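Structural overview
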Amino acid sequence: MAMAEGRQSSDTGVRKYFFFVKEEVSSDWKDLAFHLDFRRSDTDNIAGRNRDDKARCMDLLEEWLKCNGERATIEVLMEALSEANLQSTVDGLKNKYPELKTPKASCSRQERRREDENRFSETEEAEGPSVKDVFQKAVKKYYELKLTYVKPLIWNDNFTLTLSDIFTQLELMQTDEKRLKTSVKGPSSGQGTTLDSLDDLFNPKYSRAPRCILIEGEAGGGKTTFLSKEALDAVSRTTELGRRHDIILLIRLRDVREDETIEEMVWDQCVPATNGVNKESIGGILEKNEPHVLFLLDGYDELQPEARAAKQAIPNLLDGKLYPGSTIVITSRPSAGVQHFTRPDCQVHIVGFSKEHVEKYVRQYFSNIEIPELGERLTTDLRVNRIVADLVHTPIFLLLVCVLWEEDQEMISTGTMTGLYNNLLACLVRKYCKREGLDMPTEALPTEVADSLLQLGKLALEALLKNETLLDLTQVERENLNWELLLKLGVVSLEVSASKWHPRKQLDFSHKTMQEFLAGRYLAHALTNQGIVESLRLTSVSKALELSNLLQFTCGCDSQAAQAVMDELGKLSSKEFLHSETFEFEEIKDQCVTPAYGVKPGLWKSAENYEMFLLLCLNILNERKEPGVLQAVSGAFPVIIMNLARHKKQQAALQYYLENVRSSHLQNKVILSTVRNPVFQLFQYGPTHTFREDEAFQYLQQLFDSPILGLQLDLEMSYGKFGTPDQTARLVAVLKNVSILRALYLSSTGLTPSIIQPLVQGFRHMSLLEELYIDNNQDLGDAGMDVLKLGLASVPHIAVLHLVCIGMTAVGMSSLAPYMRHLAGLRELDLSCNEIGDTELESLAEILPALTAMRVLVLKITHISTTGMRTLVSALCLLTRLIKLDISMNRSIGDRGLKYLANILHHLTAMKVLNLSMTGIRDRGISSLVKALPHLVQLQVLDVSNNNIGDSGIVSLVETLCQPSRLDMEQNPSCDESPTTDPHCNTTLQELYIGRNSGVTGAGLGRVAQLISALPALTALAMSGPGRPPAHLSDTAAMALAETLPRLPALERLHLRDISMQPAGFQAMTQAAKEHPTLYNLG
């Protein structure tokens, strides 16, 4: 009877606090459940039998009281609330119930925790493996409670998602035979392998499982969500990562502090405070089970600078100084510096939802609200609405789009990013007003809401400029911002840090683009034009690209703001593109249209910057189709370069640009490509269908549906397939509306004589055509040359003609050559990979003297022999403006053929590039070249690789090249006095290829290593050995080469294949290469 009375008293005592706790805790009831030791199955049952979170919380408290009886005291409850980061509820209880301010002497959870720790330590000493089991179970339970459920809609407590509902995809690209690395191009690149998990990285075909996997993605791209799902799947052993590892440790790096140890991070973030684990026991567990430990490190870019420094725990873990046998998966934004401490075995790019997953998600959402037909209409709209389609790869944003569609289907069809976000914001405000019983103004937002959003925009901007996405709640409160109102709107959510021992609360935006929109809205509406410029601090094109969405939203919100931003972007373009001495525009242009492998990183980055900057300006033009913005865009670029297949979103802006810009701005202005992935296609076998012809023609017909006065166009349509003559006829019909078609690229398009005929007939509409590329169309053959020759008279201004690998033989050459005689402006002719041979080389030699403008002649793999060279040189000696000659891969030229060429080189003093690779030359032939080299005073590139030259020939060649030319002596009279070069130097030669010569030995290469310091302008040096066996470079020679590298300050590529070295020489060489400031390719 006494026991019953005691229990009744306890019930009455603690139950009186339940209503207050229920009201305060609400949606955080699962956190409280965890710290009251409820299992996941228990919380699932409670969730299922109650309609909302407050009811669930009350049910939880009643169950806890029922199960614990007199042990269910208010002290235990208050401690659980505190450990669940609900200290505000504890403080509220003490304020409402003064009796709770006086501590009682009952057994607390802290005392029980100390007992548990002692018991845990004793167990560790006595039982060993069972300690790991206890630890594993604690981690699993902790993750299941913390990570399983997501409540994305602040206004709907009943809308709960599991992480299984929010999944992302990975895009991987194999970079060598053993490992995998990502494509850096993003969702639409088409490069790489799409995965649903990381399991494929543990495929047995790879030599070993990766130790470090780097997952990169932009802010808001789903990296944290993905890693949370990986943690849950791993502790449940449903993935290969989970099956291979017993201990799964998810660490949020933004909560890591300076000097914090790995053990302290695990203790703080990976286990509950009540299971008895201490730092000492964690260290022992990790050491004993190191090969089975998986570290999931989230957000390297958010790691505090102090904790990122050398000798800190995370850098030491990455470079293997701590737990080298463990496995690491680390997420980061691109270029955050992970590679400073480790070289990841695999690099992965987060893409987000695939199209299929987007449609599945949409159907699921509208099925849940019982309007499935709306879901079907939205999936249809997303296939054509490019602006929205680019955004919905992120799960949370897709959810918001579904909400917007549910309210008003017209609200996502604005045509601009700013219009879409304005509608989304208005939708969230209407929902808030409806819930709160407030009137929603028709013309503007409620005053309190509008003021709060502008305040939030100011903080959003400050965070963006510091590359941050979270707002610390204490800072928000110092600004007197009504953050609770913003939570109810749904533009931000309240995030509690993963750290138990130093917790903090932060506001997180629903998506990074929402942060950028609110910041741009603040810039446009709250600041003057000068204030916008000062706030943005746009010091470079790279900085502008980092803030591209912010700039786009700022311009979309206000016309004057758009003008201010575009004025600043115009200044950047003028500085970095229009008037820059280092901007190599012609090479940049080629990279933007058809990028290729083997490009030096600086050039690739410049091309990428130019392309992305152009797209940014077109995006701004799409937001504000106004004369002032149009004028600013038209003046910002020497050329508008666009790939229509990759940049569909910008087509509307481009069309507006073409239709409205004054014709005077169109000269030298527009280069278009329909190639999807030319680089990727080069390494594919079989047919190449890189664009749908109907789609490509549709783009072009929309752009050129009427004549555009003054338009000068370069059109790249390579790597597709013209299946019928009708398709080329359609192309001609489109191009009639182009005033000046300057260049036409139709390489690898399946051209045949019948298919090319409509194009050739259409040449009469392209009379100003300057460049024609029809390479890699083998089916053209000699019959195709019979068709092509009839059109050459219609294009007399042709300056570049590429007929590479088109199936032409001597017959086709003899047929075509006479019709080329009148191409007086022809500067570049490439006839490579055709079986022309010696006989009909005569027909080419006959017309070459008439082509006095010729500067580039490429005859690679054309079956020329010594006889053909004797015929050719009689014409070559008259081409005094020739700067490049390529006769490589004609093995029958030999020494005599080279001697014929050497005898006329004194006529070709403008020569800059000479390619004699694989022409069958030996020492005797090279000696004739050596005698003629002093005449080539402007020579920049020489290739004599893959021949039969021996040591004496190579050394003699390099010795001659190292002598200063007359041009050097004239332009650099102080060369002899320069402290950075040898007393005798050649500052003209930039690339030298002497490798793979069958007669060269290590001794010859060693002598070359001693000489080349006299070539300080070299950017590329290939001096590989002859093959098998490799040439051996002695320590003396290797060290000489290592000492030479600092004296080649411009060197970017060094090829040393098939060369063996001893350890000391190899170490000196690799160290010198590592320290070289510009060397990026050592092979």
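Since the structure is predicted, the reported quantities are computational estimates derived from the model, not experimental observations. (Residues numbered from 1 in each chain as written. Predicted model: local features only at pLDDT ≥ 70, side-chain atom pairs only at ≥ 80, totals over all residues. Heavy atoms only, no water.)

Another point: the overall build of the chain. Along its length, the chain carries 47 helices and 30 strands. For the chain, the residues scored as buried account for 56% of the 1083 residues in total. If you take every contact in the chain between residues at least 6 apart in sequence, the share linking residues at least 24 apart comes to 78%. Only carbon and sulfur atoms are counted for the fraction: they give 48% of the accessible area of the chain, which is about 46000 Å². (Helix = DSSP H or I, 4+ residues; strand = E, 2+ residues; numbered from the N terminus. Buried < 20%, exposed > 50% of the residue type's maximum accessible area, 1.4 Å probe, protein only. Contact = heavy atoms within 4.5 Å. Areas by Shrake-Rupley, 256 points an atom, 1.4 Å probe, with all protein chains shown as cover.)

On to the pattern of salt bridges. Summed over all chains, the structure comprises 34 salt bridges. With a closest N to O distance of 2.9 Å, Asp233 and Lys229 form a salt bridge. Residue Asp233 and its partner Lys229 are located together in helix 10 (residues 223-235), separated by four residues, close to a single helical turn. With relative accessibility at 22%, the residue Lys229 sits in the partly exposed group. Residue Glu240 pairs with Arg244 through a salt bridge whose shortest N-O separation is 3.0 Å. (Salt bridge = Lys/Arg side-chain N within 4 Å of Asp/Glu carboxyl O.)

We now examine the nonpolar core. Judged by nonpolar contacts, the single largest core of 237 residues is most densely connected at Val491, Leu569, Phe613, Phe704 and Leu901. Here the element with the most residues in this core is helix 20 (residues 417-436); it accounts for ten residues. Residues contacting Val491, with those up to four places away along its chain left out, are Leu425, Leu428, Leu453, Leu456, Leu486, Asp508, Phe509, Ser510, Met514 and Leu518. One finds Leu201, Ile251, Leu294 and Leu303 within the second-largest nonpolar core, a separate group that totals 59 residues. (Core = buried A, V, L, I, M, F, W, Y, C linked by side-chain atoms within 4.5 Å.)

Looking now at the confidence of the model for the chain. Mean pLDDT over the chain: 82, with 84% of residues reaching 70 or higher. Contacts for the low-pLDDT stretch residues 591-599, under 50 throughout, to residues beyond four places or in other chains number 29 contacts. Segment residues 677-691: pLDDT under 50, and 29 contacts once partners within four positions in sequence are set aside and those in other chains are kept. (pLDDT = per-residue confidence, 0-100.)

The contact between helix 43 (residues 951-961) and helix 45 (residues 1002-1011) brings their axes to 9 Å, and the two run at 10°. If you check the angle between helix 43 and helix 45, you find them roughly parallel. Contacts between helix 43 and helix 45 pair Asp951, Ile954, Val955, Val958 and Glu959 from the former with Ala1003, Gly1004, Arg1007, Val1008 and Leu1011 from the latter. Residue composition of the contact of helix 43 with helix 45, grouped by class: six nonpolar, one polar and three charged. (Axes fitted to C-alpha atoms, helices over the stretch in contact; angles between N-to-C directions. Parallel < 35°, antiparallel > 145°, perpendicular 65-115°, else oblique. Nonpolar A, V, L, I, M, F, W, Y, C, P; charged D, E, K, R; others polar.)

Ordered in space as 11-13-12, the three strands form an open sheet in which the pairing is antiparallel. Among the strands making up the open sheet, the edge pair consists of strand 11 (470-472) and strand 12 (492-496). Shown here is a sheet whose adjacent strand axes are inclined to one another by a mean of 35°, direction ignored. Against the sheet, helix 21 (residues 447-465) makes contact with strand 11, strand 12 and strand 13 (505-509), and its axis sits at roughly 110° relative to strand 11, the strand it touches most. (Pairing = 2+ DSSP bridges.)

With that settled, the discussion passes to the side chain of Asn85. In this fold, Asn85 is placed in the loop between helix 6 (74-83) and helix 7 (87-96). Among residues more than four places away in sequence, those in contact with Asn85 are Val496, Ser497, Pro503 and Lys505.

With that settled, the discussion passes to the environment of Gln938. Residue position: Gln938 is located in the loop between helix 42 (923-932) and strand 24 (941-943). A residue is classified by how much of its surface remains accessible, and Gln938, at 28% relative accessible area, is partly exposed. Separated by 28 residues in sequence, Gln938 and Ala910 place their C-alpha atoms 6.1 Å apart.

Our focus in this paragraph is the packing of aromatic side chains. One pair of aromatic rings is described through two measures. These are the centre distance and the angle between the planes. What the rule picks out here adds up to 13 aromatic pairs. Note on Tyr745 and Tyr773: the rings are 4.3 Å apart at their centroids and 5° apart in plane angle, and the pair reads as stacked. Of this pair, Tyr745 sits in strand 17 (residues 738-745) while Tyr773 sits in strand 18 (residues 771-773); the two residues are 28 residues apart in sequence, bridging distant segments of the chain. An aromatic cluster is built from Tyr17, Phe20 and Tyr97, whose rings are joined through pairwise contacts. (Phe/Tyr/Trp six-rings, centres within 6.5 Å; stacked < 30°, edge-to-face > 60°.)

According to the stated counting rule, one finds zero disulfides in the structure shown. Cysteine Cys555 shares no disulfide, and the gap to the nearest cysteine sulfur, in Cys617, comes to 9.0 Å. On the accessibility criterion, Cys555 (0% relative accessible area) is buried. (Disulfide = S-S within 2.5 Å.)

Here we take up the pairing of strand 6 (residues 212-216). Burial of strand 6 is extensive: five of the five residues sit out of reach of the surface. Of the two faces of strand 6, the one carrying Cys212, Leu214 and Glu216 and the one carrying Ile213 and Ile215 are both buried. Note that strand 6 and strand 9 (residues 327-332) share five bridges and pair parallel. Counterpart to Leu214 in the pairing with strand 9 is Ile330. Across four bridges, the pairing between strand 6 and strand 10 (residues 346-352) is parallel. Its bridge partner being in strand 10, Glu216 is matched across the sheet by His349.

To continue, consider the packing of helix 40 (residues 866-876) against helix 41 (residues 894-902). Describing two packed helices takes the angle between their axes plus the distance from one axis to the other. One way to put it is that helix 40 packs onto helix 41 with a least axis distance of 8 Å and a crossing angle of 5°. Comparing the axis directions of helix 40 and helix 41 gives the class roughly parallel. Facing helix 40, whose interface residues are Thr866, Met869, Arg870, Val873 and Leu876, helix 41 presents Arg896, Gly897, Tyr900 and Leu901.

It is worth spelling out the pairing of strand 7 (residues 247-252) at this point. Counted residue by residue, strand 7 has six buried out of six residues, so it is predominantly covered. Across the two faces of strand 7 the burial is the same, with Ile247, Leu249 and Ile251 and Ile248, Leu250 and Arg252 all buried. Bridging between strand 7 and strand 8 (residues 293-298) involves six bridges; their strand directions are parallel. Looking at the pairing, Leu249 lines up with Phe295 of strand 8.

Cis geometry is found at the peptide bond from Arg1028 to Pro1029, where omega equals -5°. Looking at where Pro1029 falls in the secondary structure, it is placed in the loop between strand 26 (1020-1022) and strand 27 (1031-1033). You will see that His863, though not glycine, has its phi angle at about 65°, which is positive. Judged by its relative accessible area of 47%, His863 falls in the partly exposed class. Located in the positive-phi region is Arg996, a residue other than glycine, with phi close to 60°.

Below, the discussion takes up the environment of Thr469. Structurally, Thr469 is set in the loop between helix 21 and strand 11. The residues touching Thr469, leaving out its near neighbours within four places in the chain, are Ala219, Glu302, Arg333, Leu507, Asp508, Phe509, Lys512 and Gln515.

Looking at the secondary structure, you find Asn986 in the loop between helix 44 (966-971) and strand 25 (991-993). According to the relative accessible area criterion, Asn986 is buried, its value standing at 8%. From its side chain, Asn986 meets the backbone oxygen of Leu961 in a polar contact 2.7 Å long. Of the polar contacts made by the side chain of Asn986, one reaches the backbone nitrogen of Thr988; its length is 2.8 Å. (Polar contact = N/O pair within 3.5 Å; in protein donor to acceptor, adjacent residues only side chain to side chain.)

Another aspect to go through is a positive patch on the surface. Taken together, the side chains of Arg870, Arg896, Lys899, Arg924 and Lys931 present a region of like positive charge at the surface. Every element with two or more residues in the positive patch is listed here: helix 41 and helix 42. If you trace the backbone, Arg896 turns up in helix 41. With a relative accessible area of 53%, Arg896 lands in the exposed category. (Patch = residues over 30% accessible without salt bridge, like charges linked within 9 Å, V, L, I, M, F, W, Y side chains within 5 Å. Lys, Arg positive; Asp, Glu negative; His and termini not counted. Charge placed at Lys NZ, Arg CZ, Asp CG, Glu CD.)

Compared with the 18 Å implied by 1.5 Å per residue over 13 residues, the 19 Å span of helix 19 (residues 395-407) between its first and last C-alpha is a close match. The buried count for helix 19 comes to ten of 13 residues, which makes it a mostly enclosed element. Every buried residue of helix 19 is listed here: Pro395, Phe397, Leu398, Leu399, Leu400, Val401, Cys402, Val403, Leu404 and Trp405. As for helix 19, its buried residues are in contact with helix 16 (355-368), helix 17 (372-382), helix 18 (386-391), helix 20 and helix 24 (512-526). (Expected span 1.5 Å × (residues − 1).)

Take the environment of Asn1081 next. Within the secondary structure, Asn1081 is located in strand 30 (residues 1081-1082). Spatially, the C-alpha atoms of Asn1081 and Leu1051 are 9.4 Å apart, while their sequence positions differ by 30 residues. Aside from chain neighbours lying at most four places away, what touches Asn1081 is Glu1052, Arg1053, Leu1054 and His1055.

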